[in-house]
Amino acid sequence: MNLKVNKEPVRFTEKICGCTQEQSIELDYVLPDYYPEIFRIIKCCAESKITSCAANGDRITYELTVCLKIIYCSENSSRPEAIDQKLVYSRTVNLDRSVDSPSVYISAEADHINCRAVNRRRIDIRGAVTISINAFGDCETDVVSEVFGGNVQLKTRSCLCPSSIIRTSRRVTVSDEFDLGADAPPIGSILRASAEIVSSDKKTIASKVAAKGELKISIAYVPAGGEDSNVCCMQFSMPFSQLVELEGMDDTYDCRISSSVISCDIIPRSEGDGESRSIECEVLLFIDCTAVRMSSYGIACDEYSTSHSSSHTCTSVKTALEPVNVESSLIVKGICENKDSPISVVYDAWCTVSKLRAVITDGKAMAVGTAVLSVMGRTESGDFIICETDVPIEEDLTAAAGLDGKALTADADIRLVFSVISCGYTISDENKAEIKAEVAARGQITGYDTVEAITDIAVDEDSPREKNDEYALRLYFAEEGEELWGIAKRYGAAISRVIEENELDGDVIREGRMLLIPIA
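Please read all numbers here as calculations on a predicted model, not as lab measurements.

Parameters at a glance
- Residues numbered from 1 in each chain as written.
- Predicted model: local features only at pLDDT ≥ 70, side-chain atom pairs only at ≥ 80, totals over all residues.
- Heavy atoms only, no water.
- Pairing = 2+ DSSP bridges.
- Helix = DSSP H or I, 4+ residues; strand = E, 2+ residues; numbered from the N terminus.
- Axes fitted to C-alpha atoms, helices over the stretch in contact; angles between N-to-C directions.
- Polar contact = N/O pair within 3.5 Å; in protein donor to acceptor, adjacent residues only side chain to side chain.
- Contact = heavy atoms within 4.5 Å.
- Buried < 20%, exposed > 50% of the residue type's maximum accessible area, 1.4 Å probe, protein only.
- Arc of directions from axis to C-beta.
- Salt bridge = Lys/Arg side-chain N within 4 Å of Asp/Glu carboxyl O.

## Some points on the sheet that holds strand β4 (residues 80–94)
Ordered in space as β2-β3-β4, the three strands form an open sheet in which the pairing is antiparallel. Each end of this open sheet is capped by a strand with a single partner; those strands are β2 (40–56) and β4. Taking the axes of each pair of neighbouring strands and ignoring which way they run, one obtains an average angle of 15° across the sheet. Looking at chain direction, strand β3 (residues 59–73) and β4 are connected through 15 bridges and run antiparallel. If you follow C73 over to β4, its bridge partner there is P80.

Okay, structure coming up:
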């Protein structure tokens, strides 16, 4: 028997690593002589960032940088002092298996950080950082698409899935210099610095894509010299544009791009008089680009032979659906309270969303986690304060992101970045500040569909179908909604002959009726 089976590769994405690692933080720090002694620690925080990442074979190597900032006041002074320390760790993680050019996404978040003054010149810091590692690899599986000979009938399912995926990601540093202005005092110590992407766009040029956007740079600092304890806050706008090459991309691809801030470093610059009246801002960005070409495949999901016994082997194929762009926003509100005394001055208010994540729950895209609202100011008694409040978030992004009706499962590939667009405050009471922030969620979500696909077919020449030669037709009453495939397979009839004999125009019975099933 001459049986010919045609196959074609179907591409799918598989998670090859999904794990977490923990890095302990330990630092015994002695103040330099030029720092005043510690009397009251205001705040200790840790900013964790992945500054480099490389995949080699079945191993990922990355560099974790933890930036520690301790803000304190000395005795008989309300002037805040800031200490900065940087810790660097190199870590590795083993993948489940080796793939070519895996897509690796790593994030780091400080679980806790504790700081205590051992004495007036020595600080003991203990904490931990959790690193989340996710790696994806593109795979191919050969599945049956056509079959000739053996009187084999084939049921195929049309699937729209990627025929080609081009991915690239890179960490790039963008920088610019800003003057504080003639009226601004020179910089003494920087208490806070942040960068947020307030707008983003892309432009495709041949096989390249330009990631464009605007950064909002915020700084809070104590002026240099004297006993001036006031805090100055400034904001700057910083455009960015980075050209990324996606080799092989053309007009048949749909290109998606996502940009996020990894870190922001502010470097004071001094003039000839030694006073720092300008800054150099260096922002480390993570740019993730994906170009996808979708194609329609006919995947065989069932078969039978009208003349002989047949069998087949199947495999579950996880096919990626077309990525969905997401651009939504949510409002975060909370109250920062200083219980000891009334707040007389607010210098700065900000929102941190590093503990906010996007997940799929019951088919919905949800923003879950915690946003931290903070306010920096001074009390009526002149004490410098930083007050914080955690705001739990469980926000449905489905409708606002245009994801209604989309098949979202728990294993969807979610690449959303949360950034703070704006943050403001009002004094609602003597010792309370009400903070309101707008948070943008940008990125893409790729869902998956799992189908059973036939990978091989065999027809047994020594096992012909049993047939009754006394009749050539069989009568069958089909119910509304019944599939023609199941009826024809039950009686070993050719689909085309059943359709022709009954003058049908589809493979589903629209209303109950009698069918003639040709047997011979």
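So much for the structure itself; the text now carries on.
## Things to note about the side chain of S305
Relative to the assigned elements, S305 resides in strand β12 (residues 276–305). Side-chain polar atoms of S305 contact the backbone oxygen of G150, separated by 2.7 Å. Not counting the four nearest positions on each side in its chain, S305 is found in contact with G150, N151, V152, S310 and R465.

## Notes on helix α2 (residues 495–502)
Taken residue by residue, α2 has I495, V498 and N502 as its buried positions. End-on, the buried residues of α2 take up no more than an arc of 65°, which puts them together on one face. Those residues of α2 that are exposed and aimed more than 90 degrees away from the buried face are S496 and E500. Lining the buried residues of α2 we find β7 (152–179), β12, α1 (484–491) and β22 (513–518). Phi turns positive, to about 55°, at E503, one or two residues after α2.

## Section: the pairing of strand β14 (residues 324–337)
In β14, alternate side chains face the same way, and those of V324, V326, S328, L330, V332, G334 and C336 are buried while those of N325, E327, S329, I331, K333, I335 and E337 on the opposite face are not. With 14 bridges connecting them, β14 and strand β19 (residues 432–446) associate as antiparallel partners. Considered in β19, the bridge of S328 is made with A441.

## Details of the pattern of salt bridges
Enumeration over the complete set of coordinates arrives at 20 salt bridges. Residues K49 and D265 are paired through a salt bridge, measuring 3.8 Å at the closest nitrogen-oxygen approach. With K49 in strand β2 and D265 in strand β11 (residues 254–270), the pair connects residues that are 216 residues apart, well separated along the chain. Judged by relative accessible area, which is 29%, D265 ranks as partly exposed. Connected through shared salt-bridge partners, R116, D124 and R126 make up one network.

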